[in-house]
Amino acid sequence: TMAIDGRTFEEEGFDACAWLNGEIAERLARNAGSSGVGHAASASADDQVAEFLAELEVKMELVANDLDANVEELARKAHTQLPSARKELQALQQRTGAMQKQILSLVGNLSNTQSSVGYTMGNIQLVDRVQTNMKSARDALGEAAGMAQLLATVEQTFKQGNLETIGRQLKQIREGLESVRGVPEFSGVETKL
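Calculation criteria
- Residues numbered from 1 in each chain as written.
- Predicted model: local features only at pLDDT ≥ 70, side-chain atom pairs only at ≥ 80, totals over all residues.
- Heavy atoms only, no water.
- Core = buried A, V, L, I, M, F, W, Y, C linked by side-chain atoms within 4.5 Å.
- Buried < 20%, exposed > 50% of the residue type's maximum accessible area, 1.4 Å probe, protein only.
- Helix = DSSP H or I, 4+ residues; strand = E, 2+ residues; numbered from the N terminus.
- Contact = heavy atoms within 4.5 Å.
- Phe/Tyr/Trp six-rings, centres within 6.5 Å; stacked < 30°, edge-to-face > 60°.
- Salt bridge = Lys/Arg side-chain N within 4 Å of Asp/Glu carboxyl O.
- 1 Å grid on protein atoms, 1.4 Å probe; cavity = no way out; pocket = protein on both sides within 12 Å on 5 of 7 lines; lining within 4 Å.
- Points joined across faces, edges and corners; volume = space filled by probe spheres on them.
- Nonpolar A, V, L, I, M, F, W, Y, C, P; charged D, E, K, R; others polar.
- Patch = residues over 30% accessible without salt bridge, like charges linked within 9 Å, V, L, I, M, F, W, Y side chains within 5 Å.
- Areas by Shrake-Rupley, 256 points an atom, 1.4 Å probe, with all protein chains shown as cover.
- Lys, Arg positive; Asp, Glu negative; His and termini not counted.
- Charge placed at Lys NZ, Arg CZ, Asp CG, Glu CD.
- Expected span 1.5 Å × (residues − 1).
- Arc of directions from axis to C-beta.
- Polar contact = N/O pair within 3.5 Å; in protein donor to acceptor, adjacent residues only side chain to side chain.

(A) Geometry of the nonpolar core. Among the nonpolar cores identified, the biggest contains ten residues, and these are Val71, Leu74, Ala78, Leu150, Leu151, Val154, Phe158, Ile166, Ile173 and Leu177. Within the residue set of this core, elements represented by two or more residues are helix 3 (45-114), helix 4 (121-160) and helix 5 (163-179). The element best represented in this core is helix 4, accounting for four residues. Excluding residues that lie within four positions of it along the chain, Ile166 makes contacts with Thr157, Phe158 and Gly161. In terms of nonpolar packing, the next biggest core, distinct from the first, is built from five residues, Trp19, Ile24, Phe52 and Leu56 among them.

(B) Local environment of the packing of aromatic side chains. Applying the stated criterion across every chain, the model contains one aromatic pair. Pairing Phe14 with Trp19 gives two aromatic rings, centres 6.3 Å apart and planes at 50°, and the pair type is tilted. According to the relative accessible area criterion, Trp19 is buried, its value standing at 17%.

(C) Local environment of the pattern of salt bridges. Inspection of every chain in the model, using the stated rule, returns six salt bridges. With a shortest N-O distance of 3.2 Å, Arg27 and Glu55 are connected by a salt bridge. With Arg27 in helix 1 (residues 16-33) and Glu55 in helix 3, this pair connects stretches of sequence that are 28 residues apart. Using a relative accessible area of 22% as the deciding quantity, one classes Glu55 as partly exposed. Here Glu55 and Lys59 are joined by a salt bridge, their closest N and O atoms 3.2 Å apart. Residue Glu55 and its partner Lys59 are both found in helix 3; the two are separated by four residues, about one turn of the helix. Lys59 gets classed as buried once you look at its relative accessible area, which sits at 17%. Ionic contacts of the salt-bridge type, sharing partners, join the residues Arg27, Glu55 and Lys59 into one network.

(D) View of the layout of surface pockets. Its boundaries defined by the atoms lining it, the largest pocket holds a volume of some 1400 Å³. Forming the walls of the largest pocket are 32 residues, and the residues nearest its centre are Phe9, Glu10, Leu67, Ile166 and Leu170. Looking at the lining of the largest pocket, the elements that each hand over two or more residues are helix 3 and helix 5. Considering each element in turn, the lining of the largest pocket owes the most residues, ten residues, to helix 5. Looking at the lining of the largest pocket residue by residue, the class counts come to 15 nonpolar, four polar and 13 charged.

(E) Examining the environment of Leu20 more closely. With respect to the secondary-structure elements, Leu20 resides in helix 1. For Leu20, a relative accessible area of 29% translates into the label partly exposed. Along the sequence, Leu20 and Leu53 sit 33 residues apart, while their C-alpha atoms lie 9.1 Å from each other. Setting aside residues no more than four positions away along its own chain, Leu20 makes contact with Leu53 and Leu56.

(F) Spotlight on a negative patch on the surface. Residues Glu57, Glu61, Asp68 and Glu72 make up a contiguous surface patch of negative charge. Relative accessible area serves as the criterion here: at 48%, Glu61 is assigned to the partly exposed category.

(G) Representation of helix 1. In this model, helix 1 (18 residues) spans 26 Å end to end at C-alpha, consistent with the 26 Å of a helix rising 1.5 Å per residue. Taken residue by residue, helix 1 has Trp19, Glu23, Ile24, Arg27 and Asn31 as its buried positions. Angular distribution of buried residues about the axis of helix 1 spans 130°; they occupy a single face of the element. For helix 1, the exposed residues set more than 90 degrees away from the buried face come down to Cys17, Asn21, Ala29, Ala32 and Gly33. The backbone nitrogen of Cys17 lies 3.2 Å from a side-chain oxygen of the residue at the head of helix 1, namely Asp15.

Here it is in structure tokens:
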């Protein structure tokens, strides 16, 4: 029996015709090597191809059904976790706003004391570090929100069966998972996909 390796379908520029022709050629070569054994020896090449294609179609359908079930489960879990993620995102936005006000206040205080004391390297580094950290938090927040939205729509995309869109979304999910690696709501998503 033949196993279907899902990694084959992850390749950029996947050529379905070339893949199918390769699978058929491999099956015919395998059957030719065992030409003295039972049904394979008596069947014509056309019969072998037809039988193989029927078997391949069933296996592909089973793999597709498994994939649909996994994506549906993943989408369901993401959908149930979305409200808590939104609350955390809102809380993070509020904290970011509060930090922004503190920085503006700090910058205002620094401006007032500049004429009498002048800037010290430590103050400049502190402001730079705070600004860098705020940008990093804002970027992580945007990635998490985009990832949550993408996970909520991936099930519908799989149901539509558009392989190009599915491939693009899987690539976006893979890239998004890199960005939200430390966010608990998204832990295990890669394994589930």
